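Letter by letter, the chains look like this.
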Amino acid sequence: MKNTIIWESPSNIALIKYWGKTGIQLPCNPSLSMSLKHSVSRFELTYSPIKGGDKKLIYLFEGKENKAFEAKLSKFIDSVSNDLPCLTKYQLKISSSNTFPHSAGIASSASAMSALALCLCSMQEAIDEMEMPRDFFLQKASRIARLGSGSASRSVFGAYAIWGETEGLSNSSNDFAIPFKGNIHPIFKDLQDTILMMDSSPKKVSSTAGHALMKNHPYADARFQQARLNMSELMPALEQGDFDKFSSIVENEALSLHGLMMSSNPSYTLLKPNTLIAIERIKDFKDKTQLPITFTLDAGPNLHLLYPKENENVVQNFIEQELIELLEDGKYIQDGMGDGPQRIR
Ligand code: PMV
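Calculation notes
Residues numbered from 1 in each chain as written. Predicted model: local features only at pLDDT ≥ 70, side-chain atom pairs only at ≥ 80, totals over all residues. Heavy atoms only, no water. Helix = DSSP H or I, 4+ residues; strand = E, 2+ residues; numbered from the N terminus. Buried < 20%, exposed > 50% of the residue type's maximum accessible area, 1.4 Å probe, protein only. Axes fitted to C-alpha atoms, helices over the stretch in contact; angles between N-to-C directions. Parallel < 35°, antiparallel > 145°, perpendicular 65-115°, else oblique. Left-handed = near helix turned anticlockwise from the far one by under 90°. Contact = heavy atoms within 4.5 Å. Nonpolar A, V, L, I, M, F, W, Y, C, P; charged D, E, K, R; others polar. Arc of directions from axis to C-beta. Phe/Tyr/Trp six-rings, centres within 6.5 Å; stacked < 30°, edge-to-face > 60°. Disulfide = S-S within 2.5 Å. Polar contact = N/O pair within 3.5 Å; in protein donor to acceptor, adjacent residues only side chain to side chain. Salt bridge = Lys/Arg side-chain N within 4 Å of Asp/Glu carboxyl O. Expected span 1.5 Å × (residues − 1). Pairing = 2+ DSSP bridges. Near = heavy atom within 4 Å. Areas by Shrake-Rupley, 256 points an atom, 1.4 Å probe, with all protein chains shown as cover.

S.K.: Would you mind showing me how to read unusual backbone geometry here?
M.R.: Residues apart from glycine generally show negative phi values, whereas peptide bonds are mostly found in trans. With an omega of 0°, the peptide bond between asparagine 265 and proline 266 qualifies as cis. Phi at glutamine 25 takes a positive value of approximately 60°, unusual for a residue other than glycine. One can find glutamine 25 in the loop between strand 2 (21-22) and strand 3 (26-27). Looking at glutamine 25, the relative accessible area reads 12%, which means it is buried. Not every positive phi belongs to a glycine, and glutamate 129 is a case in point at roughly 50°. Taking the relative accessible area as the measure of exposure, glutamate 129 reaches 72% and is therefore exposed.

S.K.: Got a minute to help me understand the packing of helix 1 (residues 67-79) against helix 2 (residues 108-128) in this structure?
M.R.: A packed helix pair is summarised by two numbers, namely the angle formed by the two axes and the spacing between the axes. Between helix 1 and helix 2, the least distance of the axes is 12 Å, while the angle of their chain directions is 45°. Overall, the two elements helix 1 and helix 2 adopt an arrangement that is oblique. Helix 2 is crossed by helix 1, and the crossing has right-handed handedness. Side by side, helix 1 and helix 2 meet where Phe69, Leu73, Phe76 and Ile77 of the first sit next to Ala112, Met113, Leu116 and Leu120 of the second. Class assignment of the residues belonging to the contact of helix 1 with helix 2 gives a composition of eight nonpolar, no polar and no charged.

S.K.: Please explain helix 9 (residues 312-323) as it appears in this structure.
M.R.: In an α-helix, one turn spans 3.6 residues, which is why side chains three or four residues apart end up on the same side. For helix 9, the complete set of buried residues consists of Val315, Phe318, Ile319 and Leu323. Projected down its long axis, helix 9 carries its buried residues within an arc of 100°, all on one side. In helix 9, the exposed residues that point more than 90 degrees away from the buried face are Asn313 and Gln321.

S.K.: Explanation requested: the packing of aromatic side chains in the structure shown.
M.R.: Each aromatic ring pair is specified by the distance between its two centres and by the angle formed by the two planes. One pass over the full model with this rule turns up eight aromatic pairs. Look at tryptophan 7 and phenylalanine 137: their rings are 6.1 Å apart centre to centre, the planes differ by 20°, and that puts the pair in the stacked class. Of the two residues, tryptophan 7 is situated in strand 1 (residues 4-16) and phenylalanine 137 in helix 3 (residues 134-148); the sequence distance between them amounts to 130 residues. Each member of the pair, tryptophan 7 as well as phenylalanine 137, is classed as buried. With centroids separated by 5.5 Å and ring planes inclined at 65°, the aromatic side chains of tyrosine 59 and phenylalanine 69 adopt a geometry described as edge-to-face. Of the two residues, tyrosine 59 is situated in strand 5 (residues 57-61) and phenylalanine 69 in helix 1; the sequence distance between them amounts to ten residues. A residue is classified by how much of its surface remains accessible, and phenylalanine 69, at 22% relative accessible area, is partly exposed. Site record: aromatic cluster; members linked through ring pairs are Phe188, Phe243 and Phe246.

S.K.: What should I look at first to understand the state of the cysteines in this one?
M.R.: By definition, a disulfide links the sulfur atoms of two cysteine residues through a covalent bond. Enumeration according to the criterion identifies zero disulfides in this entry. Sulfur of cysteine 119: no disulfide; nearest cysteine sulfur belongs to cysteine 121 and is 9.6 Å away.

S.K.: I'm lost on the side chain of glutamate 251 in this one. Help?
M.R.: Examined against the element boundaries, glutamate 251 turns out to sit in helix 7 (residues 243-262). The class for glutamate 251 is buried, based on a relative accessible area of 9%. For glutamate 251, the side chain forms a polar contact with the side chain of lysine 286, separated by 2.7 Å. The contacts of glutamate 251, once residues within four sequence positions are left out, are Lys283, Lys286, Ile293, Thr294 and Phe295.

S.K.: Whenever I open this one, the pattern of salt bridges confuses me. Can you help?
M.R.: Where charged atoms of side chains with opposite charge meet at close range, the side chains can pair. Scanning the entire structure with this criterion turns up 13 salt bridges. The partner of lysine 67 in a salt bridge is glutamate 70, and the shortest N-O contact between them spans 3.4 Å. Here lysine 67 pairs with glutamate 70, and both are found in helix 1, just three residues apart, close to one helical turn. Residue lysine 288 is joined to glutamate 322 by a salt bridge in which the shortest nitrogen-to-oxygen separation is 4.0 Å. You can see lysine 288 sitting in helix 8 (residues 273-289) and its partner glutamate 322 sitting in helix 9, a full 34 residues away along the chain. Taken together, the shared-partner salt bridges connect Lys55, Glu65, Lys67 and Glu70 into one network.

S.K.: Any chance you could explain helix 3 here in plain terms?
M.R.: For helix 3, which comprises 15 residues, the first-to-last C-alpha distance of 21 Å matches the rise-based estimate of 21 Å (1.5 Å per residue) to within 8%. All buried positions along helix 3 are accounted for by Phe137, Leu138, Lys140, Ala141, Ser142, Ile144, Ala145, Arg146 and Gly148.

S.K.: Before we go on, may I ask you to explain the sheet that holds strand 10 (residues 192-196) in this structure?
M.R.: Strand pairs in the sheet, formed through backbone hydrogen bonds, run parallel or antiparallel to each other. An order of 11-12-10-13 is seen for the four strands of this open sheet, with the pairing classed as antiparallel. In this open sheet, the two edge strands, each paired with only one partner strand, are strand 11 (294-297) and strand 13 (332-336). Recorded for the sheet is a direction-independent mean angle of 25° between the axes of neighbouring strands. Where strand 11 meets strand 12 (residues 303-307), four bridges bridge the pair, whose relative direction is antiparallel. The partner of threonine 296 across the bridge, within strand 12, is histidine 304.

S.K.: I would appreciate a short explanation of the site of the ligand in the present structure.
M.R.: Taken together, 13 residues form the shell around the ligand, and within it Ser151, Arg154, Ser207, His211 and Asp298 come nearest. Interatomic distance of 3.0 Å between a backbone N/O atom of tyrosine 18 and an oxygen atom of the ligand. Within the contact set of the ligand, an oxygen atom lies 2.8 Å away from a side-chain nitrogen or oxygen of arginine 154. A total of 380 Å² of accessible area belongs to the ligand in isolation, and the protein chains cover 93% of it. Of the residues belonging to the shell around the ligand, the class tally is four nonpolar, six polar and three charged.

In structure tokens form, the structure reads like this:
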């Protein structure tokens, strides 16, 4: 159908974490993430001129009604209609699906809101009958995605993306993400991410509530400073192929995020006993083998194991022999660095 737009957009895993926001969805510190390859949301948007009495948005998730998410999307679409004036004149039918399970430690808000933002920007282009320059289009989509979910701003780009004003990067911005333009060392080019499922129960704290915990957090200033320092050291590590540095920063970021949650008021302990056991085993494995392998965590108990493609087999053996018994139903999801969103139609 002519008035149908389809985008697939990936989730991402933050290596430098965004935790704490201000103003209209602006970050308190810069963040850097890797876009995933297989964990994607697919959004299909069909639009037609709105008639009196029409509902503005009809939404289906995996073929079924989801009123709670429909209401969230509806509010978001209203909030961006100044930027995308076409939205006031059309009825939108949106259906979406994810390639990955819910509560798996893969942020569906990042993939969903980026896919939706891309659809809406493509719709504006179609209505205006004018293609935006590619860089401008992506910047706009990233800014719109950010308004839906901060981390979604980074999913508009493949490989590594940076969101937030960063010292030494004059084109970085709090309003939108930018692709990391450094010369990435081959060791980080096809980085693998195995997501180890520790527990798939629903999140105990929403990310909105999580960010709010940083408002009166006693360590807030030190945290934002730490993230800036980690940022300044992670970028050269990515270029130089310094896996030890990469690993120490990425683990520090993951554990700091959880440390902040544990020391906030109210406090949250999102790690499970098995997460901690797995972390110990990963560290022992690393010490023993001296292989480049590291881990990160999102705001939940599931671990992301990161390692270069060439070590796939040995890491697979390690998972099967030492980690599998710690995983919920022995489950893990294989993913890795991806090239970013794709327009399907
Ligand atoms: O984009 P949000 O509001 O869901 O926040 C994401 C927060 C973390 O996933 C914990 C970190 C990040 O930078 O993605």
